[in-house]
2 protein chains.
Amino acid sequence: VRCGPILIFSPEAGVATEAAALINSARPDLVVRYASDAAAAIEALPGIEVLYGWGFPKTILANPPSMLRWIQKMGAGGEDVLQEVALSNRLLTRTPGAPIAATMSDYVAAAVLNSALRTFDGFEQQRRRHWEEYPVRSVEGGLVGVAGLGDIGNVVASRLLALGMTVRGWRRSETKGASTFPVYSGAPAFSDFLAGLQWLVLVLPLTSETRNIIDASALAKLAKGAHLVNVGRGELVNTDALCAAVQSGHIGGATLDVIDPEPLPQGHPLWDIPGIVVTPHVAGPLLPSKVVPYFLENIQRYESGKPL
Amino acid sequence: VRCGPILIFSPEAGVATEAAALINSARPDLVVRYASDAAAAIEALPGIEVLYGWGFPKTILANPPSMLRWIQKMGAGGEDVLQEVALSNRLLTRTPGAPIAATMSDYVAAAVLNSALRTFDGFEQQRRRHWEEYPVRSVEGGLVGVAGLGDIGNVVASRLLALGMTVRGWRRSETKGASTFPVYSGAPAFSDFLAGLQWLVLVLPLTSETRNIIDASALAKLAKGAHLVNVGRGELVNTDALCAAVQSGHIGGATLDVIDPEPLPQGHPLWDIPGIVVTPHVAGPLLPSKVVPYFLENIQRYESGKPL
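Just so it is clear, the structure is predicted and the values come from calculations on it, not from any experiment.

**Some thoughts on the overall build of chain A**
For step 1, the next point in the chain: Secondary structure assignment for chain A yields 11 helices and 12 strands.
For step 2, the next point in the chain: Over its C-alpha atoms chain A spans a radius of gyration of 21 Å, differing by no more than 12% from the 19 Å that the globule rule assigns to 308 residues.
For step 3, the next point in the chain: Dimensions of chain A, computed from C-alpha atoms along their principal axes, come out at roughly 65 × 50 × 30 Å.
For step 4, the next point in the chain: Each of the 308 residues in chain A was classed as buried or not, and the buried ones make up 55%.
For step 5, the next point in the chain: Pairs at least 24 apart in sequence give 61% of the contacts found in chain A among residues at least 6 apart.
For step 6, the next point in the chain: Charged side chains of chain A number 25 positive and 28 negative; the gap between the two group centres comes to 4 Å.

**A few points about unusual backbone geometry**
For step 1, the next point in the chain: Residue A:Pro261 is reached from A:Asp260 by a cis peptide bond, and omega for that bond is 5°.
For step 2, the next point in the chain: Located in the positive-phi region is B:Arg118, a residue other than glycine, with phi close to 55°.
For step 3, the next point in the chain: As for its position among the elements, B:Arg118 is in the loop between helix H5 (98–117) and helix H6 (119–127).
For step 4, the next point in the chain: What makes B:Arg118 partly exposed here is its relative accessible area of 31%.

**Points about the side chain of B:Asn298**
For step 1, the next point in the chain: With respect to the helices and strands, the residue B:Asn298 is situated in helix H11 (residues 288–303).
For step 2, the next point in the chain: Contacts of B:Asn298, omitting those with residues within four sequence positions, involve B:Trp70, B:Gln72, B:Thr93 and B:Leu308.

**A short note on the relation of the copies chain A and chain B**
For step 1, the next point in the chain: Each copy superposes on the other: chain A lies on chain B with an RMSD of 0.2 Å after a rotation of 179° and an axial shift of 0.1 Å. Both copies of the chain, as the preceding transformation shows, are related through a two-fold rotation axis.
For step 2, the next point in the chain: When you check the interface residues of chain A against chain B, 100% turn up at the interface there too, and the contact is symmetric in its surfaces.

**Points about the sheet that holds strand S1 (residues 6–9) of chain A**
Within a sheet, neighbouring strands are paired by backbone hydrogen bonds and run either parallel or antiparallel to one another.
Residue and element names in this part refer to chain A.
For step 1, the next point in the chain: Spatially, 5 strands are ordered S2-S1-S3-S4-S5 in an open sheet, and the strand pairing comes out parallel. Two strands close off the open sheet at either side, each with one partner strand: strand S2 (32–35) and strand S5 (91–93). When the angles between neighbouring strand axes are averaged without regard to direction, this sheet yields 15°.
For step 2, the next point in the chain: Pairing between strand S4 (residues 70–73) and S5: 3 bridges, direction parallel.

**Regarding the nonpolar core**
For step 1, the next point in the chain: A:Leu160 and B:Leu160 are the most contacted members of the largest nonpolar core, which has 66 residues in total.
For step 2, the next point in the chain: Looking at this core, the elements that each hand over two or more residues are helix H5 (98–117), strand S6 (143–147), helix H7 (151–162) and strand S9 (199–202) of chain A together with H5, strand S6 (143–147), helix H7 (151–162) and strand S9 (199–202) of chain B.
For step 3, the next point in the chain: When residues no more than four places from it in sequence are discounted, the contact partners of B:Leu160 are B:Val108, B:Ala109, B:Val112, B:Val144, B:Val146, B:Met165, B:Val167 and B:Val201.

**Considerations on the packing of helix H1 (residues 13–26) of chain A against helix H11 (residues 288–303) of chain A**
Residue and element names in this part refer to chain A.
For step 1, the next point in the chain: Between H1 and H11, the least distance of the axes is 10 Å, while the angle of their chain directions is 45°. Taken together, the axes of H1 and H11 are oblique relative to one another. Here H1 runs over H11; the crossing is right-handed. Of the residues in H11, those touching H1 at Val15, Glu18, Ala19, Leu22, Ile23 and Ala26 are Pro288, Ser289, Val292, Phe295 and Leu296.
For step 2, the next point in the chain: Broken down by class, the residue content of the contact of H1 with H11 amounts to 9 nonpolar, 1 polar and 1 charged.

**Description of the environment of A:Arg172**
Residues and elements named next belong to chain A.
For step 1, the next point in the chain: Structurally, Arg172 can be placed in the loop between strand S7 (166–171) and strand S8 (183–185).
For step 2, the next point in the chain: Classification of Arg172 as partly exposed rests on a relative accessible area of 42%.
For step 3, the next point in the chain: For the pair formed by Arg172 and Phe190, sequence separation is 18 residues and the distance between their alpha carbons is 8.7 Å.

**Overview of the interface of chain A and chain B**
For step 1, the next point in the chain: Contacts between chain A and chain B engage 51 residues on the former and 51 residues on the latter.
For step 2, the next point in the chain: Interface area, chain A with chain B, both sides summed: about 4,600 Å², of which 61% is carbon and sulfur.
For step 3, the next point in the chain: For the chain A face of the interface with chain B, the top three residues by lost area are A:Gln126, A:Arg129 and A:Trp131, together amounting to 19%.
For step 4, the next point in the chain: Along the contact surface separating chain A from chain B lie 4 salt bridges.
For step 5, the next point in the chain: B:Glu140 is the salt-bridge partner of A:Arg159, the closest N and O atoms lying 3.0 Å from each other.
For step 6, the next point in the chain: Scanning the region where chain A abuts chain B turns up 19 residue pairs in polar contact (both at pLDDT 80 or more).

**Thoughts on the confidence of the model for chain A**
For step 1, the next point in the chain: Predicted confidence across chain A gives a mean pLDDT of 91, with 95% of residues reaching 70 or more.
For step 2, the next point in the chain: Quick note on the complex model: pTM equals 0.79, ipTM equals 0.77.

Here is what the cut-offs are and how they apply
- Think of each chain on its own: its residues are numbered from 1, step by step along the sequence as written.
- A letter from A marks each chain and a number from 1 marks each ligand, given out in the order of writing.
- The predicted origin of the model limits local features to residues at a pLDDT of at least 70 and limits the giving and counting of side-chain atom pairs to 80 or more, whereas totals for whole chains, interfaces and linings rest on all residues.
- Where side-chain values are given, they derive from all heavy atoms of the structure, hydrogens and water being excluded.
- Numbering of helices and strands runs from the N terminus, with a helix taken as a DSSP run of H or I at least four residues long and a strand as a DSSP run of E at least two residues long.
- Our radius of gyration looks at C-alpha atoms and nothing else; its globule reference is 2.2 Å times the residue count to the power 0.38.
- The buried label goes to any residue with under 20% of its type's maximum accessible area, the exposed label to any with over 50%, and the partly exposed label to all in between, with areas taken from a 1.4 Å probe on protein chains only.
- Contacts: residue pairs with any heavy atoms within 4.5 Å of one another.
- Counting rule for charge: Lys and Arg are taken as positive, Asp and Glu as negative, and neither His nor the chain ends is counted.
- Think of each charge as sitting on NZ of Lys, CZ of Arg, CG of Asp or CD of Glu.
- Least squares is used to superpose the copies, and the fit set is the C-alpha atoms of residues whose pLDDT is at least 70 in both copies.
- A pair of strands counts as paired when DSSP detects no fewer than two bridges linking them.
- Interaxial angles span 0 to 180 degrees and are taken between N-to-C directions of axes, which are lines fitted to C-alpha atoms, for helices over the stretch in contact.
- Definition of nonpolar core: a set of buried residues of the types Ala, Val, Leu, Ile, Met, Phe, Trp, Tyr and Cys, connected through side-chain atoms within 4.5 Å.
- Just so you know how the angles are binned, under 35 degrees is roughly parallel, over 145 roughly antiparallel, 65 to 115 roughly perpendicular, and the rest oblique.
- Each crossing gets its handedness from the near helix: less than a right angle anticlockwise from the far helix is left-handed, clockwise is right-handed.
- Here the nonpolar group is Ala, Val, Leu, Ile, Met, Phe, Trp, Tyr, Cys and Pro; Asp, Glu, Lys and Arg are the charged ones; every other residue, Gly included, is treated as polar.
- Accessible surface is computed with a 1.4 Å probe, and the buried area is the amount of it that two parts give up when combined, taken over both parts together.
- The salt bridge criterion pairs a side-chain nitrogen of Lys or Arg with a carboxyl oxygen of Asp or Glu, the two atoms within 4 Å.
- Distance and chemistry together define a polar contact, namely a pair of N or O atoms within 3.5 Å, with one atom able to donate a hydrogen and the other to accept it when in protein, and with adjacent residues in sequence counting only for side-chain atoms on both sides.
- For every residue, the predictor states its confidence as a pLDDT score lying anywhere from 0 to 100.

Shown next as structure tokens:
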């Protein structure tokens, strides 16, 4: 059975057009439309069987066309779709983390190194054309915890091990797997996992159990001066508690690629708190050349009735 | 034979006093003086047998006291002393690179990651409270060359290998050693070493052969958009040629912890060239607690007539 009409949606127009070109060239027999705003998406929607992309407009998710059978996320998360759409007899799939694990683990390694090397203090001095030595330290031997040990979290952990750090992991479920570093699992062990960490890296998905998992009491368990890195979801962290902990001096700083709320509004205090680095959700980029092959393989499975 | 009076000199007063305290507590039998400016040094100089530290005033090196027998640098370089002083029957020793290899390899790893992750573009956006995604890339598989494979260069190379990069090394002498990556050696092979590099890391000492080794023609051999990282000595690089290559777009940027001239004067164009990151010689910090033990061991060897 040939796959029916596909709508590609991405708020970044370049991603949508590039993904469409890749799919067209691999499968010229399929009907492929694309859109990057809600109005164009609604216009393209009639007859669509497959929705592919990310950042789907709520109007589409709230009223999916009756023909829609399958939604595939370009990214690793699916919680936004689950919140909005009654899936009933529809399929929801996501792209495995591997294609974005490389940039995400690079981002985490850089965040950890920059906090020890005071990279942003240096940058501020350069802006003022001011030359003054400041002491830096190495991350070697530093204690870092990685919360979330899926495809991405495991790559992140091995990068940090390669920097000579002492790594501790935490996973939500109590399933065991072989690991080259100590792994804590399940909610009851989370508190022991956090105790005394100098760096905490969040690579968790957002679920009802992980929402707000980093609150004031979690932050209090970290070592004084600890640095938080969040590449999971903004809602994992209670932003007000984080701001308070950094301003009190207990937490040394944070590097946040995902934030609650996102995009961060102009007037939000997080922009200006010394020690807090904010980046606009860049660490897990959706490169069509990396993610479209997964979708193409899933189309073949979809057509032949195999599991996606 | 007991070691004669020691003068510790460091332009950073804290380093001089901390080193003096460490030596005094380990060897209360020795005479230890310290200074952090030329006037105090000249006053403390009469009768000094050993000079320990860095950044020695030229007036001292030009007219060393007749009793002076041994100069030990706190850092890994010795070329500044060699330029100024007629060593004749005096000893010149330096501190091996190992104590500073950890921070220096962290610095290089961060510089390479930050260039791929556009960390400084993100920082500029944060300053303007502007939220706009930008594409980043991973360093995984990127081609990086490490020029200088001493104690420090080898640690730097292994850190870059650990980031999943393809590493190529260059050493000045043609001696061979086992290595897990391709090594070019000797001046004739330097040009092949440079060809097509996406990142070039300089960990070389300054000698008559390495001065200005990175000039316009060397820069032209790198891949378009390449990034230069210098943690060796500022004079390895022709600063004017670097500025021109970055401004022409052939070189994507540079991260310079050592610069010619240093400190960088307020009005120097390097401060403001987009893509060029300047830090004030922080990557190889002289932590007295790390370097003084090497000096104390050398004192014992000096006293018992063993090689330093």
